[in-house]
Amino acid sequence: MLPERIEEWQGRTVVCFGAHPDDDLHAAGTFARLVDRGNAVHLVMYTNDDKGSMDRSITSERLAAIRKAEQEAAAARIGVPREHLHWLGHRDGELEYVDRRLLCRQVTAILRRLRPDAVFSFDPGARFEQWHKSDHRSAALATVDAIRAAHWHLYFPELLTEGLEPHEVPVCFFYDSREPNYFVDISDTIERKVAAFCCHVSQFGRRLHRYESELHPEDRARFEAAIPAYCASVGEPHGLAYAEAFRRSTEH
Ligand SMILES: [Zn+2]
């Protein structure tokens, strides 16, 4: 029987589906807590993030390689090993143009293979139409569609011949939600969340415009203040020093 509070889990498996490397930062403090208690955390990245730079000297190929290395470094900061990173390799910004059946089958196979006790992803709920990033909208919907397909054996029956038996995901934690109903105390892991964020050098601050391999010191100082301040604002109404917010759902 799964404890209702994920903070009490031990020896379980969770899988986070992000559109890009860095999307899992929404839950990085929670993942560090789960790793501390012996749970396996897997991160799936739908895209290779090969477009998000303002640096006119950079190519998509180089950017994808940079983003992959940054994600590996960030994951290591929260205790997730490289072999728990899964790259689907779709093009940044173009996820909604990928064949939906192929995408659903791809994610269904991952769910049936890893058999997670919980899935983390963007909230596919009311706000999705407002999201400026189509990949986030697309990833959220692809994830919940695959959760359904993973559960029912008549979806993609060819997966059965590969030994991928149906799997029901017991609970989802949706991040970036307008309707959060679950708050995780990340007071013990906020420093690791900040450290993970700061590994994504090419995504933020001055390096977004002109890439160098280290954050500008002023940007680093700004992030090291802003992220704890935001997490404090999330936790404050709930009596928590630092928190991450989710919409917990068992109806999906
Ligand atoms: Zn993203």
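Residues numbered from 1 in each chain as written. Predicted model: local features only at pLDDT ≥ 70, side-chain atom pairs only at ≥ 80, totals over all residues.

Looking at the sheet that holds strand S7 (residues 243-249)
Thinking step 1. Taken in spatial order, the seven strands of this open sheet run S3-S2-S1-S4-S5-S7-S6, and their pairing is mixed. The open sheet is flanked by strand S3 (85-90) and strand S6 (182-185), the only strands paired with a single partner. On average, adjacent strands in this sheet sit at an angle of 25° to one another, irrespective of strand direction.
Thinking step 2. Judged from the four bridges that link them, strand S2 (residues 40-47) and S3 form a sheet pairing that is parallel. Bridging from a neighbouring strand, Thr47 pairs with His90 of S3.
Thinking step 3. Along the sheet face, helix H1 (residues 28-36) touches strand S1 (13-18), S2, S6 and S7 and points at about 145° away from the line of S2. (Pairing = 2+ DSSP bridges. Helix = DSSP H or I, 4+ residues; strand = E, 2+ residues; numbered from the N terminus. Axes fitted to C-alpha atoms, helices over the stretch in contact; angles between N-to-C directions. Contact = placed C-beta atoms within 7 Å.)

A closer look at the nonpolar core
Here is a general trend for soluble globular proteins: nonpolar side chains tend to be buried in one another's company.
Thinking step 1. With 61 residues, the main nonpolar core has Cys16, Phe31, Val119, Phe120, Ala139 and Ala146 as its most contacted residues.
Thinking step 2. Counting residues per element, this core draws most heavily on helix H4 (residues 134-151), at eight residues. (Core = buried A, V, L, I, M, F, W, Y, C linked by C-beta atoms within 7 Å. Buried ≥ 20, exposed ≤ 12 C-beta atoms within 10 Å, placed from the backbone.)

Section: unusual backbone geometry
Thinking step 1. With a phi close to 105°, Asp22 is a non-glycine residue in the positive phi region.
Thinking step 2. Structurally, the position occupied by Asp22 is in the loop between S1 and H1.
Thinking step 3. The phi torsion at Asp176 lies on the positive side, around 55°, for a residue other than glycine.
Thinking step 4. Examined against the element boundaries, Asp176 turns out to sit in the loop between strand S5 (171-175) and S6.
Thinking step 5. For Asp176, a count of 19 C-beta atoms within 10 Å translates into the label partly exposed.

Shape descriptors only; they carry no functional weight alone.
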